[in-house]
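Here are the chains, one letter per residue:
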Amino acid sequence: MASPGRYVPRPRRSLLRRIAFIFVAAVVITALALSLSAYFITKAAQDNEALDKALSQSRFNLFLADSMLPPQPEDADYDRLIDAFKIRGDFGTLVEAGNQTYVSGPNVNLTLVTPELAQKVAAGHIGYQNITTSGEPQLVVGGQVQSRELTIYFLYPQGQRLADLARLRNILLITGAILTVLGAIVGYLLARALVTPIRRASKAAAQMSQGDLGIRLPVRSDEFGVLASSFNTMAGNLQSKMLDLEAGQARERRFVADVAHELRTPVAALVGEASLLKTKLASDPAAASSEVNHLVTMVTSDITRLRQLVDDLLEISRLEAQSVEAVMEPVDLSSFLNQLVQARDWSAGVRLSIPNRIPAVRADRRRVERIIVNLVENALQHGSAPVTIEAAFDWNRSGGEPSQAARVQVTVTDTGPGIPAEHLPHVFDRFYKADPSRASSRGSGLGLAIARENARLLGGDISAGNAPGGGARFVFTLPVLQS
Ligand SMILES: Nc1ncnc2c1ncn2[C@@H]1O[C@H](COP(=O)(O)OP(=O)(O)O)[C@@H](O)[C@H]1O
Ligand SMILES: [Mg+2]
């Protein structure tokens, strides 16, 4: 069934990463747009407000200057005016009266007034200009007192206001960064919540494709839940169909085994009766040359084949139902095969080639014999003598030390016509005969199927091929005995 090392292919592009990335991008763009617009709207509003305030204060100051100064003002009058302005607010003052200038402090002088501003003011307007002197940003507003040939400039410091704006900008930046981090975390969690059921489903599907039909998905109350419950229904149906199928196959195998079992007794009786009949006929000279004798010979041979078929059927159905157990024991292949060749009287047609140093195998003697006999009889029947039985063990591949996976190879090669390539994949199928029309095809076609089932029962296998010089070659492997 399901193999332990399940392979679930990793997607080349991760959905999780993509969803998280899209989410973070959306958060960053939103945070950026909100912060920038909040900052610029606030800045524009503040700039306007500061300018309006400066302009209206300057207008009032100009009016105040006109009403405070006497008709012919002296230096002291101008100084008094500047002192009065100092009380009104935190701004610098520069008074230009004819060729004289009066200032409110040492940092205030005419170089702060740009030619453009001076020109505008000279034309009778109220003008303003943003400047920065020694690191301090200031708004300069200037105007004339019309009736007196007097020009006054007021310098409003902007440092505090701009510092407040800068603080606002920093707060927005930090908030944006925090939002981005939060967005990344939320985005990752969201993406994971979305992707986890998809991953679970694809893993389950992969497991199912490898034969694990018992797999089920947790059912939640969302769209994934619908998918999961459909998947579970599908898996359930498939599983019950498979169980039905397996039960059907088991019934079929049991039926074949039962039939074969039931046929065995009457067929054995028939074999005995036929040979008795043959013996009787042989002692009756009248019948010796008659057609009856010929018929009896045919009946005897057919019944013998029938018995072989019944035995084979019974064996294959038991093997496939896995209702047989192997009696595993250490087997020394060299002496085992030598004894087998002598007992079967194969010495004339079969050559053994077994190296001295071959590890013992762990196997069931009776079943190994069954396999070898099957292969050699096939070689003699479908191929031709001489037949070679070779045993080999790859010491290099096993690193000099027979391991769990190490196998001894037993090869049976004949010198017949070999097996056509198109038949090779099928020779182990039940009832398969490569050439049923040949006289040699008197077997049931079950021999190789039984041999392979036996080999697998012992933890080995058999494969079919052809020798380079023609002739069929069967390779039969057996696990090495673990010391
Ligand atoms: N050594 C061989 N040389 C050529 N053909 C072979 C050989 N062994 C098996 N085959 C082919 O494989 C078929 C299946 O073999 P097997 O299962 O033993 O059935 P059976 O011997 O009863 O025909 C044979 O009918 C034969 O066509
Ligand atoms: Mg055979």
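The rules behind each value
Residues numbered from 1 in each chain as written. Chains lettered and ligands numbered in written order. Predicted model: local features only at pLDDT ≥ 70, side-chain atom pairs only at ≥ 80, totals over all residues. Heavy atoms only, no water. Phe/Tyr/Trp six-rings, centres within 6.5 Å; stacked < 30°, edge-to-face > 60°. Helix = DSSP H or I, 4+ residues; strand = E, 2+ residues; numbered from the N terminus. Buried < 20%, exposed > 50% of the residue type's maximum accessible area, 1.4 Å probe, protein only. Lys NZ or Arg CZ within 6 Å of the ring centre and 35° of its normal. Pairing = 2+ DSSP bridges. Axes fitted to C-alpha atoms, helices over the stretch in contact; angles between N-to-C directions.

Undergrad: What's the story with the packing of aromatic side chains in this structure? I'm lost.
TA: Aromatic ring pairs are described here by two measures, namely the spacing of the ring centres and the angle between the planes. On inspection of all chains with the given rule, the structure shows eight aromatic pairs. Ring geometry for Phe 91 against Tyr 156: centres 5.2 Å apart, planes inclined by 45 degrees, an arrangement best described as tilted. Of this pair, Phe 91 sits in the loop between α2 (75–88) and β1 (92–97) while Tyr 156 sits in strand β5 (residues 150–157), and the two are 65 residues apart along the sequence. A single burial state applies to Phe 91 and to Tyr 156, both of which are buried. On the basis of an interplanar angle of 85 degrees and a centroid distance of 6.2 Å, the ring pair of Phe 428 and Phe 474 is categorised as edge-to-face. Of this pair, Phe 428 sits in the loop between β10 (407–413) and α10 (447–457) while Phe 474 is found in strand β12 (residues 472–479), placing the two residues 46 residues apart along the sequence. Both residues of the pair, Phe 428 and Phe 474, count as buried. When the ring centre of Phe 428 is taken as reference, the NZ or CZ atom of Arg 452 above it lies at 3.9 Å.

Undergrad: Which parts of the structure should I look at to understand the sheet that holds strand β4 (residues 136–145)?
TA: Hydrogen bonding along the main chain pairs the strands of a sheet, whether they run parallel or antiparallel. Pairing is antiparallel in the open sheet, where five strands are placed in the order β2-β1-β5-β4-β3. In this open sheet, the two edge strands, each paired with only one partner strand, are β2 (100–103) and β3 (127–133). Neighbour-to-neighbour, the strand axes of the sheet open up by a mean angle of 20 degrees, direction not taken into account. Relative to β2, β1 runs antiparallel, the two sharing four bridges. By the bridge assignment for β2, Leu 94 is matched with Val 103.

Shape is all these values report; function is a separate question.
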